[in-house]
Each structure stands twice: as C-alpha cells, then as structure tokens.
Amino acid sequence: MTMPSTADLIRRRFPHVSAAVLTVALCTVAVPAWADSGPAGTTGGDTDAGARPTVVLVHGAFADASGWNGVIERLQADGYTVLAPPNPLRGLTSDSTYIASVLKNIKGPIVLAGHSYGGAVISSAAAGNPNVKSLVYVSAFMPDKGEVLGQLAAKFPGSELNPALSPTPFETASGKGTDLYIQPAKFHDTFAADLPAKTTAVMAAAQRPIAASAFTDKAPAAAWRTIPSWALVAKQDKSIAPDLERWEAERAGSHTVEIDSSHVAMISHPDAVTDLIRDAAGSSSASSSSSSASAGKPALADTGSRSLALAGLGAVAAAAVLTGAGLVLVTRKRRDTPSDPDASTAR
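Residues numbered from 1 in each chain as written. Predicted model: local features only at pLDDT ≥ 70, side-chain atom pairs only at ≥ 80, totals over all residues. Heavy atoms only, no water.

Draft legend 1. Focus on the overall build of the protein. Secondary structure assignment for the protein yields 14 helices and nine strands. Sequence separation of at least 24 residues holds for 72% of the intrachain contacts in the protein that already meet a minimum separation of 6. Put simply, the protein shows about 17,200 Å² of open surface, and 58% of that area lies on carbon and sulfur atoms. (Helix = DSSP H or I, 4+ residues; strand = E, 2+ residues; numbered from the N terminus. Contact = heavy atoms within 4.5 Å. Areas by Shrake-Rupley, 256 points an atom, 1.4 Å probe, with all protein chains shown as cover.)

Draft legend 2. Local environment of the environment of Lys-186. Mapped onto the elements of the fold, Lys-186 is located in helix H7 (residues 184–191). A residue is classified by how much of its surface remains accessible, and Lys-186, at 36% relative accessible area, is partly exposed. Distance in space between the C-alpha atoms of Lys-186 and Ala-201 is 10.0 Å, their sequence separation being 15 residues. Other than its neighbours up to four places away in sequence, Lys-186 contacts Pro-163 and Ala-164. (Buried < 20%, exposed > 50% of the residue type's maximum accessible area, 1.4 Å probe, protein only.)

Draft legend 3. Highlighting the sheet that holds strand E1 (residues 54–58). Strand order in the open sheet made by the six strands is E2-E1-E3-E4-E8-E9, with parallel pairing throughout. The outermost strands of the open sheet, each flanked by one partner alone, are strand E2 (82–83) and strand E9 (255–259). Pairing of E1 with E2, which is carried by two bridges, proceeds in the parallel orientation. Looking at E2, one finds that Val-55 is bridged to Val-82. The sheet strands contacting helix H11 (residues 270–280) are E1, strand E3 (110–115), strand E4 (132–138), strand E8 (229–234) and E9, and the helix crosses E8 at an angle near 165 degrees. (Pairing = 2+ DSSP bridges. Axes fitted to C-alpha atoms, helices over the stretch in contact; angles between N-to-C directions.)

Draft legend 4. Structural context of the sheet that holds strand E6 (residues 175–182). Strands sit in the order E5-E6-E7 across an open sheet of three strands; the sheet is antiparallel. The open sheet has two free edges, formed respectively by strand E5 (165–172) and strand E7 (210–211), since each of these has just one partner strand. Where E6 meets E7, two bridges bridge the pair, whose relative direction is antiparallel. Counterpart to Leu-180 in the pairing with E7 is Ile-210.

Draft legend 5. Representation of H11 within the structure. Among all positions of H11, only Pro-270, Val-273, Thr-274, Leu-276, Ile-277, Arg-278 and Ala-280 are buried. Gly-282, located one to two residues past H11, shows a positive phi value of around 85 degrees.

Draft legend 6. The arrangement of the nonpolar core in detail. Of all hydrophobic cores here, the largest spans 75 residues; its most connected members are Leu-112, Leu-135 and Ile-277. Apart from residues lying up to four places away in sequence, Leu-135 is in contact with Leu-112, Ile-122, Ala-126, Ala-223, Trp-224, Ile-227, Pro-228, Ser-229 and Trp-230. (Core = buried A, V, L, I, M, F, W, Y, C linked by side-chain atoms within 4.5 Å.)

Draft legend 7. Summary view of unusual backbone geometry. The phi torsion at Ser-116 lies on the positive side, around 55 degrees, for a residue other than glycine. Residue position: Ser-116 is located in the loop between E3 and helix H5 (117–125). Residues other than glycine seldom take positive phi values, yet Ser-139 does so here, at roughly 35 degrees. Within the fold, Ser-139 resides in the loop between E4 and helix H6 (149–153).

Draft legend 8. Spatial organisation of helix H3 (residues 69–77). Within H3 the residues assigned to the buried category are Gly-70, Val-71, Ile-72 and Leu-75. Elements in contact with the buried residues of H3: E1, E2, helix H10 (265–268) and H11. Positioned one or two residues after H3, Gly-79 has a phi angle of 100 degrees, which is positive.

Draft legend 9. Just the pairing of E8, in detail. Most of E8 sits out of view: six of its six residues are buried. Burial along E8 is two-sided: Ser-229, Ala-231 and Val-233 and Trp-230, Leu-232 and Ala-234, pointing in opposite directions, are all buried. Here E4 runs beside E8; their pairing, made up of four bridges, is parallel. Residue pairing for E8: Tyr-137 is matched across the bridge by Ala-231.

Draft legend 10. Expanded view of the pairing of E1. For E1, the tally of buried residues reaches five of five residues, placing the bulk of the element in the interior. Here E1 shows a buried face lined by Thr-54, Val-56 and Val-58 and a second buried face lined by Val-55 and Leu-57. Of the strand pairs in this sheet, E1 and E3 are connected by five bridges, and their pairing is parallel. For Val-55, the partnering residue across the bridge sits in E3 and is Val-111.

By themselves, these are just geometric observations and shouldn't be taken as functional.
And the structure:
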C-alpha cells in the first residue's frame, strides 16, 4: 500500500493551511518586484532619502558646459548621474529662471554646482526647491539677494577682467543689447593662465559671450542662506578676485578649500573640484576610490535592502506555517493510532 505524502495529507486534512502557505509564498516572491526602486539618483521613478543625488553643473560666462568634462567623467565613474545644462548667459533673472525649470524636472536629491557667473545663477535657481540639498561654488560669484554683480566684482582688487573685455552690440527680434567677450589676446592670462596657450586659443575662439545686463541685474534670491554650501577659492584667479571669493564663502558659512588655480579650476584641477562635489554629496574621495570594482555602477536605494529583509521574513513565516502543519498532522496521527501494535495490520 502506497502511503500518501505529507503534502497530500496537509492538502486533504488542512486545506486552510495550504492556502496560508500559498499566500506567504506569494508575498515572499512579490516583495522585491515593488520594493526595489532600482538605481538611485536617476531622473524618473521614485527615490528615498538614501538615494544618491543627481549632480547638476552650471557653467559661467565666456564658456560652455564642456568646461566640466573632466569633472563629469570622474563623477560618472563614481556612479553619479550628472547633468550639465546650457546656461543662456542672457541675464541673471532669466538665466536663473531657466536653470530653475531644469531643476524642477529632476526627481530626488540634487547637488547643484556653479562656476564663475554660474554661481550667481544657482544661488537664485535653487531658491524654494526642496530637492537641492547642497550648493557648490567654484571660483564663483555668490551674491546676496538684491546685490548687483558689477558692484560685487569691484568690492576687492585683483580682477583683471574689466580691461580685457570687448563689448559688442547685438540685435534680436525683441531688441538690441551688448555682449561681452574676452579679447582673444588677453584670454589666457585673464581666464585660464594655468592651461596651455594652444588650449586657451581654442577656448577664446569658441567662447560664449554674456549679455552686459547680467552684471546690472539685481540677484533675485540667495539660496546659500538656507542651503548648505561648499566653496573653492582659486588663489591665482584673475577674473574674480580671490579675496572676493574668500569673503563670499565666509559670509555664507561655506565649507571652503583653496587651491593654486586660475579661474577655470574645474579644467586645470578636476580632481580637487570633484572631491569638493563628493563632499557636498555626502561622499568622500577615499570611499569612492576604494570601491573601484563597482565604479560606474550607481548605488541602489535603501529599498533594495528592505525588500531582501521582507523576503527573508516571508520565508521564515512560510517555514513556520509548514512546521506547524506538520506538528498538527503528527499529533492527529498519534491520537488516531490504537495502542495495540497489531491493530494497523488488522486494518
């Protein structure tokens, strides 16, 4: 006579137990599907407080986003999502409004960095955006609300930018204005003295001018008053006086580093700038380099570990139900078994 399996006996005598086991098993399988939110710091999808931030890099005048290339490569190797949008350079109010609209399309925490004039732009663009967790200023303007960049730039000696500028009129469908370029012959010494002359000759030819009105606009806001900030002072800067950068950082209570660099520290010293951004993002250079085996792979949000924990609990619960069912079955069989050892044979 073939004896039924334990599973068959459970299904016959305890159909409700089988349903319970099935329910627990389904829960155990289903948890990871909805609880794991995938790579953190990406646009689209939900993120939680443990998500790695998106790093947004805003360039300044006489340049474009390619100036951040060395920093972008390093941050991407660490697994950060990085965005370097174009700064229109048409006026502080309009540029800040544009960058603010870019930030609104990013889900999750943001580390916002600005170089030079880009520092003034991020100071206003970040205002009122709860996703911006830290601000990073790289040899940058950090105006207070209502301040004018032209006046701020004249606060300390040391800048050689004004005599190097070449005002150029322009026309658009909406009116006329004046663009400011750096004279090609003065570009190297004023803007990027620690880069090769051949490199700065190309940068001078491809420079993007800034509307003169950007230096007469009043700053709409000063996000550094409510958002933690980090600042890099370029001690060899000839475009913005190092003493002004130092004073601004002290006024804002910024975490500050100083390096021997020209105005374009993100090009000539990308490691130092990247380290500052890592610090602002709650990461460190040491931890990033020690995890080189996982370079390029974004960290997972905390929900991933929670899903594993829940799955483990589900498995324990399922095992407990099965164990309980087995004990009930054994107890029932013992109660049904006669004391006469030959009774089973008689049956």
